[in-house]
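Here are the chains, one letter per residue:
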Amino acid sequence: LTAWMARHGLFICADEGAILPWFEDVVSVMGDSQDVTKGLSTFSSHLSEIRAALERVSRGETPGFSLVLLDELASGTEPAAGSAMARAVLESFADRGCFGLVSSHFEAVKLLPLQSSHFASAALGLCGDAQEPEFILRLGEVGSSSPLALADRLGLDPSIVGRARELLGTGSRESESILRELRQMRSALDK
């Protein structure tokens with residue numbers, strides 16, 4: 001919204017001295033456009049929209065910087081393949097010189113900034129054991145999805161959540177624990 005407001009000469013909500021890149025275009029892939037009459041599942045529809053976005057920035061319709069917004073990139077399919085697809089798509093947009101924002105629950109996408117300087121991370125701040133959103137974007141942090149804490153908070157049957165924890169195994173819990181420790185360390189450093 002801010003990019004479009006600036007392009008149309010409207011004042012934006014920002015601190016004095018804030019700098020906003022001039023985007024020639026804003027391309028977004030959001031929502032679910034499945035269409036059973038055309039044989040498009042959620043994932044195939046999503047891939048069609050990604051293909052169209054890649055073509056749009058490749059054809060030069062948007063010379064200069066394009067802002068690309070991708071919501072839950074490559075979700076709706078087998079997680080390992082979706083994660084690999086998400087990473088490949090992000091690398092392709094980066095190769096085209098696009099500036100983008102992506103939301104993802106895939107660990108491979110969250111950790112991409114540690115492997116390439118073309119990417120940066122940010123996480124939605126969560127507070128307490130209930131993992132309730134603070135609605136604060138924390139730049140430079142890797143977020144955790146915390147689906148089981150969310151299930152607890154929303155009142156899903158505790159026996160189901162407990163069984164999910166059992167099925168999840170220790171590896172994922174260890175990752176969550178490490179991410180929680182990193183957030184605590186960052187908070188202490190900020191203070």
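Quick notes on the rules
- Residues numbered from 1 in each chain as written.
- Predicted model: local features only at pLDDT ≥ 70, side-chain atom pairs only at ≥ 80, totals over all residues.
- Heavy atoms only, no water.
- Buried < 20%, exposed > 50% of the residue type's maximum accessible area, 1.4 Å probe, protein only.
- Helix = DSSP H or I, 4+ residues; strand = E, 2+ residues; numbered from the N terminus.
- Pairing = 2+ DSSP bridges.
- Core = buried A, V, L, I, M, F, W, Y, C linked by side-chain atoms within 4.5 Å.
- Contact = heavy atoms within 4.5 Å.
- Axes fitted to C-alpha atoms, helices over the stretch in contact; angles between N-to-C directions.
- Salt bridge = Lys/Arg side-chain N within 4 Å of Asp/Glu carboxyl O.

**Student:** So, the pairing of strand 1 (residues 25–29): which residues are in play, and what are the values?
**Tutor:** In terms of burial, strand 1 is largely enclosed, as four of its five residues are buried. As paired strands, strand 1 and strand 2 (residues 66–71) are joined by five bridges and run parallel to one another. Bridge pairing in strand 2 links V27 to V68.

**Student:** Could you give an account of the nonpolar core, naming the residues involved and the relevant values?
**Tutor:** V68, L70, L73, L90 and F93 are the most contacted members of the largest nonpolar core, which totals 20 residues. Of all the secondary-structure elements, those providing two or more residues to this core are strand 1, helix 2 (42–58), strand 2 and helix 3 (79–95). Here this core gets five residues from one element, more than from any other, and that element is helix 2. If we ignore the near neighbours within four places in the chain, the residues touching L90 are L70, L73, V102, V109, L112 and F119. Formed by five residues, the second largest nonpolar core is a distinct cluster that contains A3, F23, V26 and L69.

**Student:** Break down the sheet that holds strand 3 (residues 99–103) for me, citing the residues and quoting the values.
**Tutor:** On the basis of which strands lie adjacent, the open sheet formed by three strands has the order 1-2-3 and parallel pairing. A single partner strand is all that each edge strand has here, and the edge strands are strand 1 and strand 3. For this sheet, the mean inter-axis angle between neighbouring strands, taken without regard to orientation, is 10 degrees.

**Student:** Let's hear about the pattern of salt bridges: which residues, and what values?
**Tutor:** With the rule as written, the count across this model stands at seven salt bridges. A salt bridge links R56 to D25, with the nearest nitrogen and oxygen atoms 2.6 Å apart. Of this pair, R56 sits in helix 2 while D25 sits in strand 1, placing them 31 residues apart in sequence. For the salt bridge of R87 with E91, the shortest nitrogen-to-oxygen distance reads 2.9 Å. Pair noted here: R87 and E91 are both in helix 3, with a separation of four residues, about one helical turn. The exposure class assigned to R87 is partly exposed, which follows from its relative accessible area of 27%.

Treat this as a map of the structure, not an account of what it does.
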